[in-house]
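# Inside the fold
So you can see what is in the structure, the chains are spelled out below.
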Amino acid sequence: MSIELISILLFGSMLLLLVSGLPVAFVLGGLAVVFTGVFWGPESLFIILARTFSMMSSTTLVAAPLFVLMAVVLERSGVAEDLYEMMYRWSGGVKGGLAVGTVLVCTLIAAMSGIASTGVVMMGVMALPEMLKRGYDKRIATGCILAGGVLGPLIPPSIALVLYGTMAQVSIGGLFAGGMAAGLVCSLLIVGYILIRCYINPKMGPAIPVEERADWDAKIASLKGVILPLLLITAVLGSIYSGIATPTEAAAVGALGAFVCSAIHRRLTWDLIKSVAYTTIQVQGFMMWILFAAQGFAAVYMGLGASRMVVNLVREYQVGWWTMLIGIQVVWFLLGCVIDAWSILMITLPIILPLMPLYGFDPLWLGVLYAVNTQTGYLTPPFGTMLFMMKGIAPKEVTMSDIYRSIVPFVTTQLFCLVLCILFPRIVTWLPDLLFK
């Protein structure tokens, strides 16, 4: 059977099973087993085990559960409350200021956690009721939290970039630096949109009344809320960029720092330790099953000749540089609507890796484009997990329709950031070049 027909059967089966509601890990792992048994025989199933064990033995991958642990501890440590209080006092007097402050807090949380759910949950619980009480439009209030929260997979310590660097053999420190630059650009674009929208229509985000604004003494006193976050960010990223620690070692430093932050806020109890341990195991277990299943899926597909097929098609039809780049971005975006970013990486990267030298793609630049692109998948239906998470924590007056409508301009802003990173690669590469060359 030709690889073309196998591709149609494999991916057609994958989409059909995903639409039926089966978990992603079961779909990818099950198809890997079935296609291996059909085409190579049951005795070849050890290939899946070998590829899975190869990934399991990667020391770099140890950083992932440590960053998850750090994110979960921070979520319950009280750091976010201090951050939001500081932003509330400094930006509340500006039209749209609370939304802007929320995005900036989400950016700082992203730089401490590396996952999307942390910022969405924290700000959804704290900031959303406050903005609604102050008369903010539901679309601005929910949209800014969702857009700011999903910066986690882009801004280091991003777990998505750790996985990409492990698979593509790219410097994770360089990816972190490139992701930091792109993430700050994306954050500033979101802030700019909010300020312009609220300036044109002040009812979207009214400023706090003068009599309720904090005085200068209160503003200055609130700055203590950024001390612990900045120290933690410096400890994690500074140790990587300076060459003192590997990403795995820096993740351990970050996890320890998160426990220290929790102790300073007097929240470090035995119940909290048990709770964060269970949550970390659940999140990491879910992620690892997807990764291992996707690794087996990719191994089988590559073994059946996918790489040769792609390279031959590219050479036969003389696909241009821009066509290939845009095609990759479109595929990533569409897949983000139905499966998670980790599965997208595992399925597509083995196919894309042989194309990089053919087209001269910088693997670091392409990795950051992957992170910018797939962050939109957390906000695009039907998969958009953060949309359903927001509905679970939002007040009753915020409907699912409000949430869907709220993300349209912010997804557009994220895609505009992607276009900027494509047209001006130095946005991504200047900081890695400065720090590591």
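Going by the structure above, here's the rest.
Here the structure is a predicted model, which means the values were calculated and not measured. (Residues numbered from 1 in each chain as written. Predicted model: local features only at pLDDT ≥ 70, side-chain atom pairs only at ≥ 80, totals over all residues. Heavy atoms only, no water.)

## With respect to the packing of helix α9 (residues 159-168) against helix α17 (residues 341-352)
Put simply, the rule is: Orientation is described by axes fitted as lines to C-alpha atoms, over the contacting stretch for helices, and by angles from 0 to 180 degrees between their N-to-C directions. Strands are runs of DSSP state E lasting at least 2 residues, helices are runs of H or I lasting at least 4, and numbering of each runs from the N terminus. The cut-offs work like this: below 35 degrees is roughly parallel, past 145 is roughly antiparallel, 65 to 115 is roughly perpendicular, and the gaps in between are oblique. Crossing chirality is assigned from the near helix's rotation relative to the far helix, an anticlockwise turn below a right angle marking it left-handed and a clockwise turn marking it right-handed. Contact criterion: two residues are considered in contact whenever any of their non-hydrogen atoms come within 4.5 Å of each other. When residues are sorted by character, Ala, Val, Leu, Ile, Met, Phe, Trp, Tyr, Cys and Pro go into the nonpolar class, Asp, Glu, Lys and Arg into the charged class, and all the rest, Gly among them, into the polar class.
Contact geometry for α9 and α17: axes closest at 11 Å, N-to-C directions at 20°. Relative to α17, the element α9 lies roughly parallel. Crossing of α9 against α17: the hand is right-handed. Across the interface between the two elements, Ile159, Ala160, Leu163, Tyr164, Met167 and Ala168 from α9 touch Trp342, Leu345, Met346, Leu349 and Pro350 from α17. Taken together, the residues of the contact of α9 with α17 sort by class into 11 nonpolar, no polar and no charged.

## Details of α17
Put simply, the rule is: One fewer than the residue count of a helix, multiplied by 1.5 Å, yields its expected span. Between buried and exposed lies partly exposed: a residue is buried under 20% and exposed over 50% of the maximum accessible area for its type, with that area taken using a 1.4 Å probe on protein chains only.
For α17, which comprises 12 residues, the first-to-last C-alpha distance of 15 Å matches the rise-based estimate of 16 Å (1.5 Å per residue) to within 8%. Burial analysis of α17 places 12 of its 12 residues in the buried class, the great majority of the element. Listing the buried residues of α17 in full gives Ala341, Trp342, Ser343, Ile344, Leu345, Met346, Ile347, Thr348, Leu349, Pro350, Ile351 and Ile352.

## Here we look at the pattern of salt bridges
Filter applied, for reference: Counted as salt bridges are all cases of a side-chain nitrogen of Lys or Arg within 4 Å of a carboxyl oxygen of Asp or Glu.
Scanning all chains against the criterion turns up 6 salt bridges. Salt-bridge contacts for Lys138 lead to Asp402; the nearest nitrogen and oxygen are separated by 3.0 Å. Taken together, the residues Lys138 in helix α8 (residues 138-149) and Asp402 in helix α21 (residues 400-423) connect sequence positions 264 residues apart. Ionic pairing is found between Asp402 and Arg405, a salt bridge with its closest N-O pair at 3.9 Å. Taken as a pair, Asp402 and Arg405 lie in helix α21 at a separation of 3 residues, close to a single helical turn. Connected via shared salt-bridge partners are Glu130, Lys133 and Arg134.

## Considering the side chain of Gln329
Within the secondary structure, Gln329 sits in helix α16 (residues 321-336). Apart from residues lying up to four places away in sequence, Gln329 is in contact with Leu366, Leu369, Asn373, Leu418 and Ile422.

## Considerations on the packing of aromatic side chains
We apply this condition: When two rings of Phe, Tyr or Trp (its six-membered ring) have centres within 6.5 Å they constitute a pair, described as stacked for plane angles under 30 degrees, edge-to-face for angles over 60, and tilted for the intermediate range. To sit over a ring, a charge needs its Lys NZ or Arg CZ within 6 Å of the ring centre and within 35 degrees of the ring normal.
In total, this model carries 9 aromatic pairs according to the counting rule given. A ring pair is formed by Tyr359 and Phe361, whose centres lie 5.6 Å apart and whose planes are at 10°; its orientation type is stacked. An aromatic cluster is present here, built from Trp321, Trp322, Tyr359, Phe361 and Trp365 joined pairwise through their rings. Just above the ring of Trp90 sits the side chain of Lys219; from NZ or CZ to the centre is 5.6 Å.

## Let's talk about a nonpolar patch on the surface
To be explicit about the condition: Each patch is built from residues that are more than 30% exposed by relative accessible area and take part in no salt bridge. Like charges join if they lie within 9 Å; nonpolar side chains (Val, Leu, Ile, Met, Phe, Trp, Tyr) join within 5 Å. Areas reported here follow the Shrake-Rupley algorithm with a probe of radius 1.4 Å; residue values treat only the protein chains shown as occluding.
On the surface, a nonpolar cluster with roughly 880 Å² of combined accessible area is contributed by Trp321, Trp322, Ile326, Val330, Leu334, Phe416, Val419, Leu423 and Phe424. Mapped by element, the contributors of at least two residues to the nonpolar patch are α16 and α21. With 5 residues, α16 is the largest single contributor of residues to the nonpolar patch. Classification of Trp322 by relative accessible area gives partly exposed; the value is 44%.

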